[in-house]
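Working through the structure, step by step
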Amino acid sequence: MAASLTLLVIVAVTIRAALYRSSLAEPIAERVEVVSPITAWKRVIEGLALLDLGVSPYSGDVFHETPLIIYLFHFLVDYAEITFMLADVIAAVALYMAVKDFNKQVFRKQKFALEANRYPADCLELIRSPTEMHYIPLKVAMFYLLNPFTILSCVAKSTCGLNNAVLALFVLTTIKGNVLLSAIFLCLATYQSIYPLTLCAPAMLYLMQHQYIPVNPRRASFWWFVVQYLFMYLGSLFVIVCLSFFLLGSWDYLPSVYGFILSVPDLTPNIGLFWYFFAEMFEHFRLFFLCVFQINVFFYTIPLCIKLKDHPVFLMFMQLAVISIFKSYPTVGDTALYLAFLPVWSHLHRFLRNIFLVSCVLLACSALFPVLWHLWIYAGSANSNFYYAITLLFNVAQILLVSDYFYAYLRREHHLTYGLYLKKKDGSEATLVLK
Amino acid sequence: MGLLSDPNRRRALINLLTRLNAPICVLCYFAGVCWFMGLAFEPFTLRTYMSENAMGSTMVEERFPSGERALATGREFAAHKKKVGGMPVDWLVKTMQARGLEVFTQSFSRTLPFPDEDKERYIVKGTNVYGILRAPRAARTEALVLSAPCSPGDNNNQAVGLLLGLAHYFRGQIFWAKDIIFLVNEHDLIGMQAWLESYHHTNTTGMDWSPLQGRGGSIQAALSLELSSDVITSLDIVLEGLNGQLPNLDLANLFYAFCQKIGVLCTIQGRLQRNDWDSVSGYSHAVQTMMLMVMKQASGRPWGDHGLFLRYHIEAASIKGINSFRQYKTDITTVGRLLEGMFRKLNNLLERLHQSYFFYLMPSLSHFVSIGYYMPAFGLLAVILLLRALDLWVQFVSPPAVTADGVGDVEQQSSPGALSVLTPLVISHLTGAALYILPTRFQEIAVEHFPVSETEAVVLTAIAVYTAGLALPHNTHRLLSGEGTEQGWRVLKLVAVLYLAILLGCTALINFSLGFILALTLVPVAAFVTPHVPKTLSAVVLVILSPACTLLLSVFFFQELQEMPVSFQDGWLMYLSVISQGILDHHLYGSLVYPLIALMVYPCWLLFWNILFWK
């Protein structure tokens, strides 16, 4: 397995290195689907130039990355390509190890359940075999490294790749059960883009499970753990925010990074839902709709947590997907991160209902993005409505994909409790209907 | 959402779609073709109308008086052209200066990738001359262009004469709010390309040109003029530009409105419009006019000097004077008045032309078909591909019984290795890349070893590579370790069908005509090919419907439409020249049709060829 992983990494790095050298790198770095105003490399370069001139990089309205990123590239700017390739490799390896560990646990849990005879007799089909699970980690790494979205994002030197690496490390440390490191990586991810804040919940749920603390608000041990984790998380967030302040000597970056993310002043088209709405909207409704749109990301945490409190890793996947769909400046790099988790749920395929439709729509949309962009911006014959229609379709497809997986997951759990072949009261075969 | 979540209804729908797949596909195909043919039927089309308010109700008067003088200037120009044996730069500069313009010249040179035998040129050197009439009425931030080509022989002398006459007359008027640029370009499109690239500071095709010394504002609209006789019977407007792009319909409306006002016969595709739409001959006339537009648009070539403006977001059209044997003649003063009127209306524009349609087909100058009407014709063809893909997917997911609900699935068959799908995919794309790269790269070697000219070498190499690709299936199978399985070809076909659907969809969005013609021929191929159909017969059908044969048939069809049928011999020669022109267009102006065919459509077709010979 290690050998195949190495081979995979070599292939992935070769592809990226070749693309960096080709003439494609420049046009890719300009694509609005690949870079957002926050993650664009061009803007990072601008910020660096301002910093070198002794001007605050946040003066003006160009640079919106965090201070740590700019200081990171202050040292690494000459090795940027290597840094981004390394970030992708780290993310892939972290996901690989995390999934491997997770699968081991799933298998162990399944063994206990089987020994305790907890599954109905006709559910044997649903039991997962080790041979089937053996290649999943490798597939996850492959889905991440060879996904065209990740490759494009890396070639464009979008800082999204770094965020993904941090998130992948967070997943790894959480699954390994390391509370402190999990909190630190989560704090780093939050510091980068706020939204991973919602991953707090799955992380805590998972770690509690891991330490055999019952998830029960009436128990003191539950609250003690929550306080512990939040203390570590908020503490490291405090440290990192103060560190940024001392590096720059001003609080300029707070409005320029987080204000920028939350109030969405830049309406450059992207694959998200915000730009078109806010470009069309009357100014005095702006605040209201801003709240409505931003609440989307955070709101789903609560129902999902309640429904999936026994399955925190799946919850984590759902949250990553929700973030990448509803965040204010999404790029394809964000999508790539949660798409990498799909092989982990390959055992759900029999319950998926719209996977064909959804994958067709996603493929078609990915091809249509550049075409409609060309027609809108260069040819001038189409307009923003055409482009936004595709954006909308892309997001609907993503939402369908995620809800399909959600449904399939719940359905499998249901069958594992009640048996695969459900009978109605009169003895005829029953079907499950989601209403 | 009921359809997506209720398993019973889904099952019913999917059962219906898989059981009736073949009839539905056939029905869709014929419905698509019929819809398309119906587009030219006048009651189904919309009348053209002026959408742009700035050009609508404002009245302008046309007073251009000096047609005779323009003709005299044209004759003088012809004499100087003959004397110099090319573009009389000095004379033009002097004449334009005498008319009070700011005059500049631009020289350019370009070595073609291989000799152009149609226009007999290889190393092209030339000079563009242009004069700017500065706007007296407003800040000089916007401009209009009137261009006339300096063609070899006796062509277009009257156009240059009229251009100079108009320049002289416009100079005396005070209402210009936009700079007007009078451009005389040498070597038709190459000169235009040089001038436009230089004007916009881009260089996309690697041409050498000297930078422009004087510039106007951003160009809002452009007209290109072609006149070769002192009197004309009708004026023809040409809209098709590079890659099938069309100018805003308002430009055509403007032309039509002025032709009506001044009383000049106007044509599109060189065909007058008829009023008897309800008769068979009237309908067939409209269909032929529309088909001519479709064929021209599908070729992706600029059909006049205006074609390159469109890439820069400038609405442009060519106006050609036609002199036929009709009685009713229009003199050059009237043409001048028409142009004056159009320019005055364009001068009134407050913003770029954007109100009207950009995607349309015109069965006559007074009627058009908008995107909403013609897209369903393509959609009906594309839906066949999706239905076939759905059918394959259902077979693939649940071989014995369709249970979309998931319950009761038997264990899936061992899925075929990714290798068996990837190999044909990669190999056919490599063949496509060879088709794209080899012809221009290997012309020298080919010329050394075979008794052919460079141009023939390029075209014949392209045909040779294309034909060599047909031998692929046998070789890919040798590369595959195991033999192809029943599931293998299904997966490959699923991939190929989806690939084709996306490819055609994208093409149809950019260039509807090209997408539709390709869909017309490739969709049946994609729908019926399996390894189990009779081999020889299907192979013949597949070859006939392949992109290259489609092109050959299109050449004959186009000649037929133009009422100039050719013998097979001439058609073949024309076919060869069309291929060389296609490759040249790509290298000179960045036309995308050749790379699209070579890198995407041909490999996609090869996949179906592979499926036919799957073992």
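Note that this is a predicted model, so its numbers are computed, not measured.

Looking only at helices and strands, one finds 22 helices and 14 strands in chain B. Its C-alpha radius of gyration of 28 Å places chain B within 12% of the 25 Å reference for a compact globule of 615 residues. In terms of overall dimensions, chain B has C-alpha extents of about 85 × 60 × 45 Å along its principal axes. Taking all 615 residues of chain B together, 58% fall into the buried category. A sequence separation of at least 24 residues applies to 81% of the contacts in chain B between residues at least 6 apart. Of the accessible surface of chain B, which amounts to about 25,000 Å², a share of 62% is contributed by carbon and sulfur atoms.

We now examine a positive patch on the surface. All names here are of chain A. A cluster of basic residues, K100, K104, R108 and K111, forms a positive patch on the protein surface. Of note, K100 is situated in helix α5 (residues 80–115). Residue classification places K100 among the partly exposed residues on the basis of a relative accessible area of 37%.

All names here are of chain A. On domain assignment, one finds that chain A holds domain 1 (5–266 + 281–344) and domain 2 (352–419). Computed from C-alpha atoms alone, the centre-to-centre distance between domain 1 and domain 2 is 21 Å. Of the residues lining the interface, 27 residues belong to domain 1; the matching set on domain 2 comes to 22 residues. Taking both partners together, domain 1 and domain 2 bury about 2,100 Å²; carbon and sulfur atoms supply 75% of that area.

Another point: the pairing of strand β2 (residues 102–116) of chain B. Note on strand geometry: in a regular strand, side chains alternate between the two faces of the sheet. Residue and element names in this part refer to chain B. Where β2 meets strand β3 (residues 121–133), 11 bridges bridge the pair, whose relative direction is antiparallel. The partner of Q106 across the bridge, within β3, is N128. Between β2 and β3, which pair antiparallel in sequence order, lie four residues; one of them, E120, sits at a positive phi of approximately 50°. In this sheet, strand β6 (residues 208–209) lies alongside β2 in antiparallel orientation, the contact comprising two bridges. Among the inter-strand pairings, F108 is bridged to a residue of β6, identified as W209.

Turning to the UniProt feature "signal peptide" (unreviewed entry) in chain A, a few remarks are in order. Sequence positions flagged by UniProt for "signal peptide" (unreviewed entry) are, in local numbering, residues 1–25 of chain A. What you have in residues 1–25 of chain A is 84% helix and 0% strand, and the ends, taken at the C-alpha atoms, are 32 Å apart.

Before going further, it helps to spend a moment on the sheet that holds strand β13 (residues 360–364) of chain B. All names here are of chain B. Strand order across the open sheet formed by three strands is β1-β14-β13, with antiparallel pairing between neighbours. In the strand order of this sheet, the two ends are held by β1 (46–47) and β13, each with one partner. Bridge count for β13 against strand β14 (residues 367–370) is three bridges, and the pairing is antiparallel. When the sheet's bridge partners are listed, S364 is paired in β14 with H367. Across the sheet, helix α12 (residues 371–397) touches β1, β13 and β14, and the angle it forms with β14 is around 55°.

Okay, a nonpolar patch on the surface next. All names here are of chain A. A cluster of nonpolar side chains, L7, V11, I15, M142 and L146, forms an exposed patch at the surface whose accessible area comes to about 390 Å². Broken down by element, the nonpolar patch gets its largest block of residues, three residues, from helix α1 (residues 2–21). Within the secondary structure, L7 sits in helix α1. Looking at L7, the relative accessible area reads 55%, which means it is exposed.

The subject of this paragraph is the UniProt feature "transmembrane region" (unreviewed entry) in chain A. Residue and element names in this part refer to chain A. Listed under "transmembrane region" (unreviewed entry) in the UniProt record, and renumbered for this structure, are residues 68–99, 143–173, 229–251, 257–278, 285–302, 314–342, 354–379 and 385–407. Helix makes up 81% of residues 143–173 and strand 0%, whereas the separation of the span's terminal C-alpha atoms amounts to 20 Å. Taken end to end, residues 385–407 is 100% helix and 0% strand, and its two terminal C-alpha atoms sit 32 Å from one another.

The rules behind these values
- Residues numbered from 1 in each chain as written.
- Chains lettered and ligands numbered in written order.
- Predicted model: local features only at pLDDT ≥ 70, side-chain atom pairs only at ≥ 80, totals over all residues.
- Heavy atoms only, no water.
- Helix = DSSP H or I, 4+ residues; strand = E, 2+ residues; numbered from the N terminus.
- Rg over C-alpha atoms; globule rule 2.2 N^0.38 Å.
- Buried < 20%, exposed > 50% of the residue type's maximum accessible area, 1.4 Å probe, protein only.
- Contact = heavy atoms within 4.5 Å.
- Areas by Shrake-Rupley, 256 points an atom, 1.4 Å probe, with all protein chains shown as cover.
- Patch = residues over 30% accessible without salt bridge, like charges linked within 9 Å, V, L, I, M, F, W, Y side chains within 5 Å.
- Salt bridge = Lys/Arg side-chain N within 4 Å of Asp/Glu carboxyl O.
- Lys, Arg positive; Asp, Glu negative; His and termini not counted.
- Charge placed at Lys NZ, Arg CZ, Asp CG, Glu CD.
- Domains from an automatic or database assignment.
- Buried area = accessible area lost by both parts, 1.4 Å probe.
- Pairing = 2+ DSSP bridges.
- UniProt positions renumbered as here; feature names shortened; annotations may be inferred.
- Axes fitted to C-alpha atoms, helices over the stretch in contact; angles between N-to-C directions.

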